[in-house]
Structures are given as structure tokens and as C-alpha cells.
Amino acid sequence: YSYRVDFVLGGGGVMRVTRAATVLSPEGVVAIVRPPAAMWDPGRYRVTSRIRVGADDPPGLYGIRYTVVARGEDGRVARRQKEILVRFR
């Protein structure tokens, strides 16, 4: 399995961007992925990652919560979070 997130960064200059993906099962948090913070220009971005599901992982509904936080040169902070549901079989 894998997921893809498309997002747009708006603003007047370079931003410090942090991202995090949390995979949730009915029993709780399965994994948290946090790439290192980086300096990004405004624009459109697409990120992807694989979700490793083992044979011993129970089938069912899982959630993926993706968070993007951008801090501009002026110190203003924008945070967006989206969650999607995925059914593993």
C-alpha cells in the first residue's frame, strides 16, 4: 500500500516546512513518519510513501493523518491536517 498527498504552499518567500504522517489502526498508532524539516519555496508539491502491512496485521479500517506546518520568514505559521481512511484486507 502507499499514499500520496498533494499540497500547495503559498507565501512571499522561503518557508521552513515540517511534515508528519501518522498511521492509526483500531488499536492505536501503528507508525509515525517525520521527514526532516526543510526550507521550501512557495509552489505545488506531491509527496508519497509506502505503508508496510504485514501478514500478522489485522485487516480493517486504518486512518492516515497527514500534517504540514509552514513557518514564513515573517514568523507566521500555517498548519493543515487531513485524515483519510483506508481499508486493509
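In what follows, the accompanying structure is described. (Residues numbered from 1 in each chain as written. Predicted model: local features only at pLDDT ≥ 70, side-chain atom pairs only at ≥ 80, totals over all residues. Heavy atoms only, no water.)

1. A few points about the packing of aromatic side chains
Move 1: Throughout the structure, instances matching the rule amount to five aromatic pairs.
Move 2: For the pair Phe7 and Trp40, a centre-to-centre distance of 5.8 Å together with 15° between the ring planes defines the contact as stacked. Placement of Phe7 in strand β1 (residues 2–9) and of Trp40 in strand β4 (residues 38–40) is noted, with a sequence separation of 33 residues between them. The pair Phe7 / Trp40 is uniform in exposure class, with both members buried.
Move 3: Between the aromatic rings of Phe7 and Tyr45, the centroid separation amounts to 5.9 Å while the plane-to-plane angle is 25°, which identifies the pairing as stacked. Of the two residues, Phe7 is situated in strand β1 and Tyr45 in strand β5 (residues 43–50); the sequence distance between them amounts to 38 residues.
Move 4: Here a set of aromatic residues connected by ring pairs shows up, and it is made of Phe7, Trp40 and Tyr45. (Phe/Tyr/Trp six-rings, centres within 6.5 Å; stacked < 30°, edge-to-face > 60°. Helix = DSSP H or I, 4+ residues; strand = E, 2+ residues; numbered from the N terminus. Buried < 20%, exposed > 50% of the residue type's maximum accessible area, 1.4 Å probe, protein only.)

2. Focus on the side chain of Ser25
Move 1: If you trace the backbone, Ser25 turns up in strand β2 (residues 15–25).
Move 2: Accessibility expressed as a relative area gives 15% for Ser25, which makes it buried.
Move 3: Not counting the four nearest positions on each side in its chain, Ser25 is found in contact with Val30 and Tyr62. (Contact = heavy atoms within 4.5 Å.)

3. Points about the environment of Thr67
Move 1: If you trace the backbone, Thr67 turns up in strand β6 (residues 60–71).
Move 2: Put simply, Thr67 and Gly43 are 24 residues apart on the chain and 17 Å apart in space, counted from C-alpha to C-alpha.
Move 3: Those residues in contact with Thr67, other than ones at most four positions away along the chain, are Thr18, Arg19, Ala20, Arg79, Arg80 and Gln81.
Move 4: At 2.8 Å, the side chain of Thr67 and the side chain of Gln81 are in polar contact. (Polar contact = N/O pair within 3.5 Å; in protein donor to acceptor, adjacent residues only side chain to side chain.)

So, to be careful, I would describe these as geometric facts and stop short of saying anything about function.
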